[in-house]
Amino acid sequence: MPDIPFSSAAILGTGSFGTALARLLSQKLERVEMIGRDEAVAESINETRHNSRYLAGIELPPNIHASTALSNAAAHPLVLFCVPTAATRESAAALAQSGLPTDAVILSCAKGIERNTGERMSEILVEQLPENPVAVLSGPNHAEEIAACLATCAVIGTRDEVLARRLQELFTTPHFRSYTSDDLAGIELGGAIKNVYAIAAGIAAGLGLGDNAIAALVTRALAEMTRLGTCLGGRVETFAGLSGVGDLIATCFSKHSRNHRVGLALGAGKTLEEATSSLGMVAEGVPNTLSIHETAQRVGVRTPIIDAVHAILYRGMPAARALHELLNRDPRPEND
Ligand SMILES: NC(=O)C1=CN([C@@H]2O[C@H](COP(=O)(O)OP(=O)(O)OC[C@H]3O[C@@H](n4cnc5c(N)ncnc54)[C@H](O)[C@@H]3O)[C@@H](O)[C@H]2O)C=CC1
Ligand SMILES: O=C(CO)COP(=O)(O)O
């Protein structure tokens, strides 16, 4: 593949992350085409230059265009996947039918693993679009901050060095710095698993726990993420990087994190239905507690924090009891 810049991109998903990345890439590309499923959102982007449903207060430049026609993606050399992970397989299958050229690059930006298969998003994309190069983007990347041009770093994962350079150059602006890595598994698993811990940190805050407890929770979460993630093929150093501990910190402590907000509501005594219905956006940690819990069980890795979140979300265990059980497990060495 020649080491040439991209001229345009399609972004699947007109939600908060798709919109933030559209704005970022509009600084580097001639044209960015956002493709969603909601006609009203697309119309509002084109007519008002805002996506007030998902990313209020951010003006979108004129080289961003929105539509609901997936076939429009076939005209672009780069397609970003910014739909929820549960919609990735279906969207990729539809894209495969759209006449997309086989040299179009696919960049996966969603954070989660699939239920039942345990597959990472890049694995699903390679299955559905086997001829196309597939890369991933992850890190501590709240849409609201990227859109507001607040300094942000991310990591781009691909084993193709030329593609890594092309994407790194694209994702470089005065406020956005990207790194490269060939550890796709580590990058994607960190981004997926941290969503469950962001819920846990929110629950802890909602229960009224203090800084000591939340620092301990996040630290033990990193150990657990690394234990599970390395068993699933990621490299240990990746979990110490931007897409691992970096994103864990961002979501466990941020007012922007939807997963954290779900946890706060649960800790304050709301039901899961109450905690998610007011969001109006995806909190990947909710479905991913199921997919990650079942994956951990399948590979036999000890994950007491994921188990506790699973019990609270899906087995009706009161948060205070789950906390009591976590604290009162058998004592063990820190590093085992
Ligand atoms: N919002 C953020 O700050 C960040 C989000 N992400 C990830 O990006 C992905 C998308 O998240 P957001 O944009 O935040 O979500 P969102 O809830 O803001 O928007 C989701 C978008 O996907 C569309 N959608 C929902 N279900 C769909 C389906 N079944 N088929 C096709 N389209 C569907 C919605 O209409 C909407 O346009 C998630 O995996 C999330 O973890 C990653 C980094 C940062
Ligand atoms: O992944 C994110 C930031 O890096 C977004 O987190 P939430 O989905 O919890 O808002």
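One numbering rule holds for all chains: residues counted from 1, following each sequence as written. Here chains are named by letter from A upward and ligands by number from 1 upward, in the order in which they appear as written. Totals for whole chains, interfaces and linings use all residues, but because this is a predicted model, local features are given only for residues with pLDDT of at least 70 and pairs of side-chain atoms are given and counted only at 80 or more.

Per an unreviewed UniProt entry, the chain goes by the name Glycerol-3-phosphate dehydrogenase [NAD(P)+] and belongs to Luteolibacter luteus. UniProt positions are given in the numbering used here, feature names are shortened, and annotations may be inferred rather than shown by experiment. Under the heading Pathway (unreviewed entry), UniProt records this for the chain: "Membrane lipid metabolism; glycerophospholipid metabolism."

The helix count covers DSSP runs of H or I at least four residues long, the strand count covers runs of E at least two residues long, and both are numbered beginning at the N terminus. Across its full length, the chain holds 15 helices and eight strands. Taken over the C-alpha trace, the chain has a radius of gyration of 19 Å; the compact-globule value for 336 residues is 20 Å, and the two agree within 12%. The C-alpha extent of the chain, read off along each of the three principal axes, is 60 × 40 × 35 Å. The exposure scheme places C-beta atoms from the backbone and then counts, for each residue, the other C-beta atoms within 10 Å of its own, assigning buried at 20 or more, exposed at 12 or fewer, and partly exposed in between. Put simply, the chain has 336 residues, and 51% of those count as buried. Once C-beta atoms have been placed from the backbone, residue pairs whose C-beta atoms lie within 7 Å are recorded as contacts. Of the contacts made within the chain by residues no fewer than 6 positions apart, 71% connect residues no fewer than 24 positions apart. For a compact globule the rule gives 2.2 Å times the number of residues to the power 0.38, and the radius of gyration it is set against comes from C-alpha atoms.

Okay, the site of ligand 1 next. What surrounds ligand 1 is a group of 26 residues, the closest being Gly15, Phe17, Ala87, Ala110 and Met281. Take the shell around ligand 1: its biggest share by element is three residues, from helix α1 (residues 16-25). Each residue is assigned to one class: nonpolar for Ala, Val, Leu, Ile, Met, Phe, Trp, Tyr, Cys and Pro, charged for Asp, Glu, Lys and Arg, and polar for all the others, Gly among them. The class makeup of the residues in the shell around ligand 1 is 11 nonpolar, 11 polar and four charged. Each domain's limits were defined by an automated method or a database of domain assignments. Split by domain, the shell around ligand 1 shows at least three residues from each of two domains, domain 1 (8-182) and domain 2 (193-327). For each residue, a C-beta atom is placed from the backbone, and the residue is labelled near a molecule or strand when this atom is within 6 Å of it.

Inspection of the region around ligand 2 gives 14 residues, with Asn141, Thr251, Ser257, Arg258 and Asn259 positioned closest. Of the residues in the shell around ligand 2, the class split is three nonpolar, seven polar and four charged. Structurally, the shell around ligand 2 is a two-domain feature, drawing no fewer than three residues from each of domain 1 (8-182) and domain 2 (193-327).

A few words now on the sheet that holds strand β6 (residues 134-138). Pairing between two strands requires that DSSP report at least two bridges joining them. Reading across the sheet, the eight strands line up as β3-β2-β1-β4-β5-β6-β7-β8 and stay open at both edges, with mixed pairing between neighbours. Each edge of the open sheet carries a strand with a single partner, namely β3 (64-67) and β8 (176-181). Strand-to-strand, the axes of this sheet are offset by a mean angle of 25 degrees, without reference to chain direction. To obtain an axis, a line is fitted to C-alpha atoms, over the contacting stretch when the element is a helix, and the angle between two such axes runs from 0 to 180 degrees between their N-to-C directions.

Those residues carrying the UniProt feature "active site" (unreviewed entry) are Lys194 in this numbering. Within the fold, lysine 194 resides in helix α7 (residues 184-206). Apart from the residues within four sequence positions on either side, lysine 194 is in contact with Met225, Asp247, Leu248 and Thr251.

What follows deals with the UniProt feature "domain: Glycerol-3-phosphate dehydrogenase NAD-dependent C-terminal" (unreviewed entry) in the chain. Within this numbering scheme, the UniProt entry marks residues 183-323 as carrying the feature "domain: Glycerol-3-phosphate dehydrogenase NAD-dependent C-terminal" (unreviewed entry). The span residues 183-323 is 76% helical and 0% strand by assignment, and the distance between its end C-alpha atoms comes to 34 Å.

Another aspect to go through is the domain arrangement of the chain. Annotation of the chain at the domain level lists domain 1 (8-182) and domain 2 (193-327). Relative placement of domain 1 and domain 2: their C-alpha centres are 25 Å apart. Facing 22 residues of domain 1, the contacting portion of domain 2 comprises 21 residues. Counting residues per element, the ones that place at least two in the side of domain 1 that touches domain 2 are β7 (152-157) and β8.

In this section: the nonpolar core. In summary, soluble globular proteins display a tendency toward joint burial of nonpolar side chains. Here, a nonpolar core means buried Ala, Val, Leu, Ile, Met, Phe, Trp, Tyr and Cys residues linked by C-beta atoms lying within 7 Å of one another. In this structure, Ile11, Leu12, Leu21, Leu80, Phe81, Cys82 and Leu107 are the most contacted members of the largest nonpolar core, which totals 59 residues. Top contributing element to this core by residue count: α1, with six residues. The contact partners of cysteine 82, leaving out residues within four places of it in the chain, are Ile11, Leu12, Gly13, Gly15, Phe17, Gly18, Leu21, Cys109 and Ala110. If you look at the next biggest cluster of nonpolar residues, it comprises 43 residues, including Leu222, Leu228, Leu248 and Ala308.

Turning our attention to unusual backbone geometry. One non-glycine residue, arginine 49, lies in the positive phi region at around 65 degrees. Relative to the assigned elements, arginine 49 resides in the loop between α2 (39-48) and β3. Positive phi, close to 70 degrees, is recorded for asparagine 116, a residue that is not glycine. For asparagine 116, a count of 9 C-beta atoms within 10 Å corresponds to the exposed category.

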